[in-house]
Amino acid sequence: MHTTASLFLNENEPLLLEDFKKHLSQISPKSADYNHNDFTRRTVNICDGECQNGHSHCEALHFPSNLVLNIVDGKMQLGQWQRIFLTELDKSKLRKVQVQVLGE
């Protein structure tokens with residue numbers, strides 16, 4: 001329900017999580033020049049207290065907007081090391097997650 005937060009499935013291994021952070025900072029560094037951050041030119045979708053978060057939106061391009069999991073006998077079917085992550089790509093804030101269960 002948020003553009004700069006995403007759900008994904010991967011291994012919960014501390015060094016891998018550090019690799020994820022490094023990878024994202026390399027593909028969308030905060031210090032890069034983003035048109036989205038230029039409030040003198042940007043005239044749409046601006047809120048009070050808007051932060052410069054062009055990098056967060058660019059990072060979000062690499063994540064799906066949804067996650068589908070199978071539930072069998074009331075349990076999520078995850079691989080041995082798989083975990084569900086809510087990834088915050090912007091500043092810390094309250095987020096909402098929508099869950100939809102299909103089937104019997």
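Look above for the structure.
Please read these numbers as outputs of a predicted model, since none were measured by experiment.

About the cut-offs
Position numbers for residues start from 1 in each chain and track the written sequence from start to end. At least 70 in pLDDT is required for a residue's local features to be given in this predicted model, at least 80 for side-chain atom pairs to be given and counted, and no such filter applies to totals for whole chains, interfaces and linings, which use all residues. Only hydrogens and water are removed before side-chain values are computed, so all heavy atoms of the structure are retained for them. Think of a salt bridge as a Lys or Arg side-chain nitrogen and an Asp or Glu carboxyl oxygen that are within 4 Å of each other. Think of it in three bands: residues with accessible area under 20% of the maximum for their type are buried, residues over 50% are exposed, and the middle band is partly exposed, with areas taken using a 1.4 Å probe on protein chains only. Put simply, two rings from Phe, Tyr or Trp (the six-membered ring, in Trp's case) pair if the centres are within 6.5 Å, and we call them stacked under 30 degrees between planes, edge-to-face over 60, tilted for the rest. Per the convention used, a helix needs a DSSP run of H or I reaching at least four residues, while a strand needs a run of E reaching at least two, with both numbered from the N terminus. In this description, contact between two residues means that some pair of their heavy atoms is separated by no more than 4.5 Å. Residues form patches when they are more than 30% accessible in relative terms and have no salt bridge. Like charges link within 9 Å. Nonpolar side chains (Val, Leu, Ile, Met, Phe, Trp, Tyr) link within 5 Å. Note on areas: Shrake-Rupley, 1.4 Å probe, and residue coverage restricted to the protein chains presented here. What qualifies as a polar contact is a pair of N or O atoms within 3.5 Å, subject to a donor-acceptor requirement within protein and to the restriction that residues adjacent in sequence count only when both atoms come from side chains. Note on terminology: a nonpolar core comprises buried Ala, Val, Leu, Ile, Met, Phe, Trp, Tyr and Cys residues joined through side-chain atoms within 4.5 Å. In this analysis, the expected span of each helix is defined as 1.5 Å times one less than the number of residues it contains.

This next bit is on the pattern of salt bridges. Going through the model one piece at a time under the given rule, you end up with five salt bridges. Across the salt bridge formed by Lys93 and Asp90, the nearest N and O atoms sit 3.2 Å from each other. With a relative accessible area of 37%, Lys93 lands in the partly exposed category.

Next up on the list: the packing of aromatic side chains. Applying the stated rule across the entire model yields three aromatic pairs. Here the aromatic rings of Phe8 and Phe20 are separated by 5.8 Å at their centres, their planes lie at 75 degrees, and the arrangement is edge-to-face. Residue Phe8 is located in strand S1 (residues 5-11), and its partner Phe20 is located in helix H1 (residues 14-27); the two are separated by 12 residues in the primary sequence. Between Phe8 and Phe85, the ring centres sit 5.0 Å apart and the planes meet at 15 degrees, which makes this aromatic pair stacked. Taken together, the residues Phe8 in strand S1 and Phe85 in strand S4 (residues 82-88) connect sequence positions 77 residues apart. The rings of Phe8, Phe20, Phe63 and Phe85 are connected pair by pair, giving a single aromatic cluster.

Further remarks concern the environment of Asp73. Mapped onto the elements of the fold, Asp73 is located in the loop between strand S2 (71-72) and strand S3 (75-76). In this structure, the C-alpha to C-alpha distance between Asp73 and Arg95, residues 22 residues apart in sequence, is 29 Å.

What follows concerns the side chain of Ser56. The residue Ser56 is located in helix H2 (residues 54-60) in this model. Discounting residues that sit within four places of it in the chain, Ser56 has contacts with Thr4, Leu89 and Asp90.

Moving on, we get to a nonpolar patch on the surface. A cluster of nonpolar side chains, Ile71, Met76, Leu78, Ile84, Leu86, Val97, Val99 and Val101, forms an exposed patch at the surface whose accessible area comes to about 740 Å². Summarising the element assignment, Val101 is placed in the segment after S4. Relative accessible area serves as the criterion here: at 62%, Val101 is assigned to the exposed category.

Time to look at the side chain of Asp90. Secondary-structure assignment places Asp90 in the segment after S4. A polar atom in the side chain of Asp90 sits 2.8 Å from the side chain of Asn53. Setting aside anything within four residues of it in sequence, one finds Asp90 in contact with Thr4, Cys51, Asn53, Ser56 and Arg95.

What follows covers the nonpolar core. The biggest cluster of nonpolar side chains holds six residues, and these are Phe8, Leu24, Ala60, Phe63, Phe85 and Leu89. In this structure Phe85 touches Ser6, Leu7, Phe8, Asn10, Glu11, Asn12 and Leu17, once residues within four positions along its chain are discounted.

At 3.6 residues per turn, the α-helix brings residues three or four places apart onto the same side. Counted at 1.5 Å a residue, the expected span for H1 with its 14 residues is 20 Å, and the 20 Å between its end C-alpha atoms agrees. For H1, the capping residue at the N-terminal end is Glu13, with a side-chain oxygen 2.8 Å from the backbone nitrogen of Leu15.

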